[in-house]
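These are the residues of each chain, in order.
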Amino acid sequence: MAGEFEKIVEKVQKAAEDFVTLKVTTVVGKFEFDPASGEVVPKGADQKVIQSKINIVEGDIQDFVDEDYADDADHPMRKFHKDQVDNAQKTVHDSIEAFKSLVSVLAELVNKRDNSSAGQ
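A. Molecular detail of the layout of surface pockets. A volume near 200 Å³ is recorded for the largest pocket. Taken together, 13 residues form the lining of the largest pocket, with S52, D63, R78, H81 and K82 sitting closest to its centre. Going through the elements one at a time, strand 4 (48-55), strand 5 (60-65) and helix 3 (76-118) are the ones with two or more residues in the lining of the largest pocket. By residue number, the principal contributor to the lining of the largest pocket is helix 3, which donates six residues.

B. Looking closely at the pairing of strand 3 (residues 39-42). In terms of strand pairing, strand 2 (residues 31-34) meets strand 3 through four bridges, oriented antiparallel. Bridged to E32 within strand 3 is V41. Here strand 2 folds back onto strand 3 in antiparallel fashion, the turn holding four residues, of which G38 has a positive phi close to 75 degrees.

C. How the structure looks around a nonpolar patch on the surface. Taken together, F31, F33 and V40 make up a surface patch of nonpolar side chains, about 260 Å² in accessible area. Within the fold, F31 resides in strand 2.

D. A look at the sheet that holds strand 4. The strand order across the open sheet built from three strands is 1-4-5, with neighbouring strands paired in antiparallel fashion. Two strands close off the open sheet at either side, each with one partner strand: strand 1 (21-28) and strand 5. Averaged over all neighbouring strand pairs, the angle between strand axes comes to 5 degrees, with direction disregarded.

E. Expanded view of the pattern of salt bridges. In total, this model carries seven salt bridges according to the counting rule given. Two residues, K43 and E32, come together in a salt bridge whose shortest N-O distance is 4.0 Å. On the criterion of sequence distance, the pair formed by K43 in the loop between strand 3 and strand 4 and E32 in strand 2 is long-range, its members being eleven residues apart.

F. Representation of the nonpolar core in the model. Core analysis: the largest hydrophobic core is formed by six residues, namely L22, V24, I54, V85, A88 and V92. Those residues in contact with I54 that lie beyond four places of it in its chain are V20, T21, L22, D60, I61, V85 and Q89.

The rules behind each value
- Residues numbered from 1 in each chain as written.
- Predicted model: local features only at pLDDT ≥ 70, side-chain atom pairs only at ≥ 80, totals over all residues.
- Heavy atoms only, no water.
- 1 Å grid on protein atoms, 1.4 Å probe; cavity = no way out; pocket = protein on both sides within 12 Å on 5 of 7 lines; lining within 4 Å.
- Points joined across faces, edges and corners; volume = space filled by probe spheres on them.
- Helix = DSSP H or I, 4+ residues; strand = E, 2+ residues; numbered from the N terminus.
- Pairing = 2+ DSSP bridges.
- Patch = residues over 30% accessible without salt bridge, like charges linked within 9 Å, V, L, I, M, F, W, Y side chains within 5 Å.
- Areas by Shrake-Rupley, 256 points an atom, 1.4 Å probe, with all protein chains shown as cover.
- Salt bridge = Lys/Arg side-chain N within 4 Å of Asp/Glu carboxyl O.
- Axes fitted to C-alpha atoms, helices over the stretch in contact; angles between N-to-C directions.
- Core = buried A, V, L, I, M, F, W, Y, C linked by side-chain atoms within 4.5 Å.
- Buried < 20%, exposed > 50% of the residue type's maximum accessible area, 1.4 Å probe, protein only.
- Contact = heavy atoms within 4.5 Å.

This is the structure:
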C-alpha cells in the first residue's frame, strides 16, 4: 500500500509541474502528431502555424504567428486560435481547482497515515 501511495504522490508532483506551461498550437496543412514527444511533425512544406505558450506561474505569454496571418488580426485562423487559447485557459483554471482538491485529499490521507503510524 505504501508503494502505491508514493506513486500517487509522484503523479501529483508531475501534474503540478505540467501546470506551469500552457501550450496551444494551431497547425494548418499536412502533418502528423507524435504522441511520444507531443509535437507536430510536418508532412510537406505548406504548414501554417500559430502557437501560444503561457507560463501560468510567471504570467509570461509568447505568441508565434505564421507570417501569412501576421498582418490580419481578423483572419479566421487567428480567431480560432484565440478561442482555443481562451478555452485552454478555462480548462487550466478548472484543472487547478480540481488539483487543489486532490492535494487536500492527499494531505488528509498523509495526516491520517502519520497519525495511525504514530499510534502503533
